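Structural overview
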Amino acid sequence: MITKNTTIGELLVVFPECAPILMEIGMHCLGCPSSQAETLEEAAFVHGLDPDLLVEKINAAKNAMGK
């Protein structure tokens, strides 16, 4: 289960298919070294997003893909 405390680096390892979701909402620095250690909550705040909604969207996509 993905949580607000999951880092972007961890997320991309366990669910690489989420990259288009993150890009779609403006997170274009997925490969940046600093973003790899950033939690989803931190990234959401930087981009003016609700972290709970972001995690919900990611988990819904993950579940829809049977992951």
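In this report, we go over the structure that sits alongside the text. (Residues numbered from 1 in each chain as written. Predicted model: local features only at pLDDT ≥ 70, side-chain atom pairs only at ≥ 80, totals over all residues. Heavy atoms only, no water.)

1. Re helix α5 (residues 51-64)
Formally: By the criteria applied, helices consist of DSSP H or I runs no shorter than four residues and strands consist of E runs no shorter than two, each listed in order from the N terminus. By this rule the span expected of a helix is its residue count minus one, scaled by 1.5 Å. Relative accessibility under 20% of the residue-type maximum defines a buried residue, over 50% an exposed one, and the middle range a partly exposed one, all with a 1.4 Å probe and only protein chains included. Throughout, the arc means the angular range of directions from the helix axis out to the C-beta atoms. What makes two residues a contact is simply this: any of their non-hydrogen atoms within 4.5 Å. The definition of a polar contact used here is a pair of N or O atoms within 3.5 Å, where within protein one atom must be able to donate a hydrogen and the other to accept one, and adjacent residues in sequence count solely through side-chain atom pairs.
The end-to-end C-alpha distance of α5, which contains 14 residues, comes to 20 Å, matching closely the 20 Å that a straight helix rising 1.5 Å per residue would cover. The complete set of buried residues in α5 reads Pro51, Leu54, Val55, Ile58, Asn59, Ala61 and Lys62. All buried residues of α5 project into a common sector of 160° when viewed along the axis, lining one side. Turned more than 90 degrees off the buried face of α5, the exposed positions are Leu53, Glu56, Asn63 and Ala64. Next to the buried residues of α5 lie α1 (8-14), α2 (19-24) and α4 (40-46). By the N-cap criterion, in which a side-chain oxygen at the helix start approaches the backbone nitrogen of a residue two or three places on, α5 is capped by aspartate 50, the distance to aspartate 52 being 2.8 Å. Taken from the residues just after α5, glycine 66 is the one with a positive phi, measuring 70°.

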